[in-house]
Amino acid sequence: MTDDRRRPPRLVFLTTAAERQMRRWISGRGADRGISAAAGGALLYLASHPGATIGEVTTALQASAAGASGLLARMEHAGLVRRRTDPDDRRTVRLDLTPAGTDALNDVRAALAELNARLTEGFSPDELATVARWLDHATRTLR
């Protein structure tokens, strides 16, 4: 008989499963407006970085160029973002939120506040600090 207390937790599996469920939950909340988890991330990034380039958004989302390009094209078609040419370099395309994008951003923020409240319920600040420290460590270690 194996003592489960001696076996380390399956952190990779648990982290991956949690990330997948969070994406599904966020996408489910935004489904009526066509807002996926990735689109929510793009909206949040553009809100704090107006006029960002496609490359900057791609990097922030840790996405592939093709994936981000398709996502941003869908968001533009949905009227959430608009592209504009950089006045100093006509080869550079910049992105801004539209009024509809700002409305959608408010929905994303509300959904994330609800999700964060649900995920942190029952945990002490010290426990949450440990989880945050571990996740930050995992992110920095695997770059």
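This section reports on the structure supplied with the text. This one's a predicted model, so the numbers in the text were calculated from it and none came from an experiment.

## Observations concerning the side chain of Thr-98
Position of Thr-98 relative to the elements: it lies in the loop between strand E3 (93-97) and helix H5 (99-120). In this structure Thr-98 touches Gly-79, Leu-80, Val-81 and Arg-82, once residues within four positions along its chain are discounted.

## Description of the side chain of Asp-96
Secondary-structure assignment places Asp-96 in strand E3. Asp-96 sits in the buried class, given a relative accessible area of 10%. A polar atom in the side chain of Asp-96 sits 2.4 Å from the side chain of Arg-84.

## Let's talk about the layout of surface pockets
One number sums up the size of the largest pocket: a volume of about 1,600 Å³. What lines the largest pocket is a set of 37 residues, and nearest its centre among them are Thr-15, Ala-18, Glu-19, Met-22 and Leu-135. Put simply, the parts of the chain that give the lining of the largest pocket at least two residues each are helix H1 (11-30), helix H2 (37-48), helix H3 (54-61), H5 and helix H6 (125-141). The residue inventory of the lining of the largest pocket, partitioned by class, reads 25 nonpolar, nine polar and three charged.

## Quick notes on the nonpolar core
One finds Ile-35, Leu-43, Leu-46, Val-57, Met-75 and Leu-80 to be the most contacted residues of the largest nonpolar core, which totals 17 residues. Contributing elements (two or more residues each) for this core: H2, helix H4 (65-77) and H5. In terms of residue count, the dominant contributor to this core is H2 (five residues). Setting aside residues up to four positions removed in sequence, Leu-43 forms contacts with Ile-35, Met-75, Leu-80, Leu-97, Gly-101, Ala-104, Leu-105 and Val-108.

## A word on unusual backbone geometry
Phi at Gln-62 takes a positive value of approximately 55°, unusual for a residue other than glycine. With respect to the helices and strands, Gln-62 occurs in the loop between H3 and H4.

## Some words on the environment of Leu-142
Among the secondary structure elements, Leu-142 is positioned in the segment after H6. Expressed as a C-alpha distance, the spacing of Leu-142 and Leu-72, which sit 70 residues apart in the sequence, is 27 Å.

Cut-off values and rules
- Counting of residues starts from 1 at the beginning of each chain's written sequence and follows it residue by residue.
- Given that this is a predicted model, residues contribute local features only at a pLDDT of at least 70 and side-chain atom pairs are listed and counted only at 80 or more, while totals for whole chains, interfaces and linings are drawn from all residues.
- No hydrogens and no water enter the side-chain calculation; it runs on all heavy atoms of the structure.
- Strands are runs of DSSP state E lasting at least 2 residues, helices are runs of H or I lasting at least 4, and numbering of each runs from the N terminus.
- Residue contacts are counted whenever heavy atoms from the two residues lie within 4.5 Å of one another.
- Here the term buried applies to any residue with accessible area under 20% of the maximum for its type, exposed to any over 50%, and partly exposed to those in between, with areas from a 1.4 Å probe on protein chains only.
- Throughout this description, a polar contact denotes any pair of N or O atoms lying within 3.5 Å of each other; where both atoms belong to protein, one of them has to be capable of donating a hydrogen while the other can accept it, and for residues adjacent in sequence the pair is counted only when both atoms sit in side chains.
- Only protein atoms enter the 1 Å grid used here, on which a cavity is any set of points holding a 1.4 Å probe that cannot leave and a pocket is any open set flanked by protein within 12 Å on both sides along at least five of seven lines; residues with an atom within 4 Å of a point are listed as lining.
- Grid points are joined across faces, edges and corners, and a volume is the space filled by probe spheres set on the points.
- Each residue gets one label: Ala, Val, Leu, Ile, Met, Phe, Trp, Tyr, Cys and Pro are nonpolar, Asp, Glu, Lys and Arg are charged, and the others, such as Gly, are polar.
- In plain words, nonpolar cores are sets of buried Ala, Val, Leu, Ile, Met, Phe, Trp, Tyr and Cys residues tied together by side-chain atoms within 4.5 Å.

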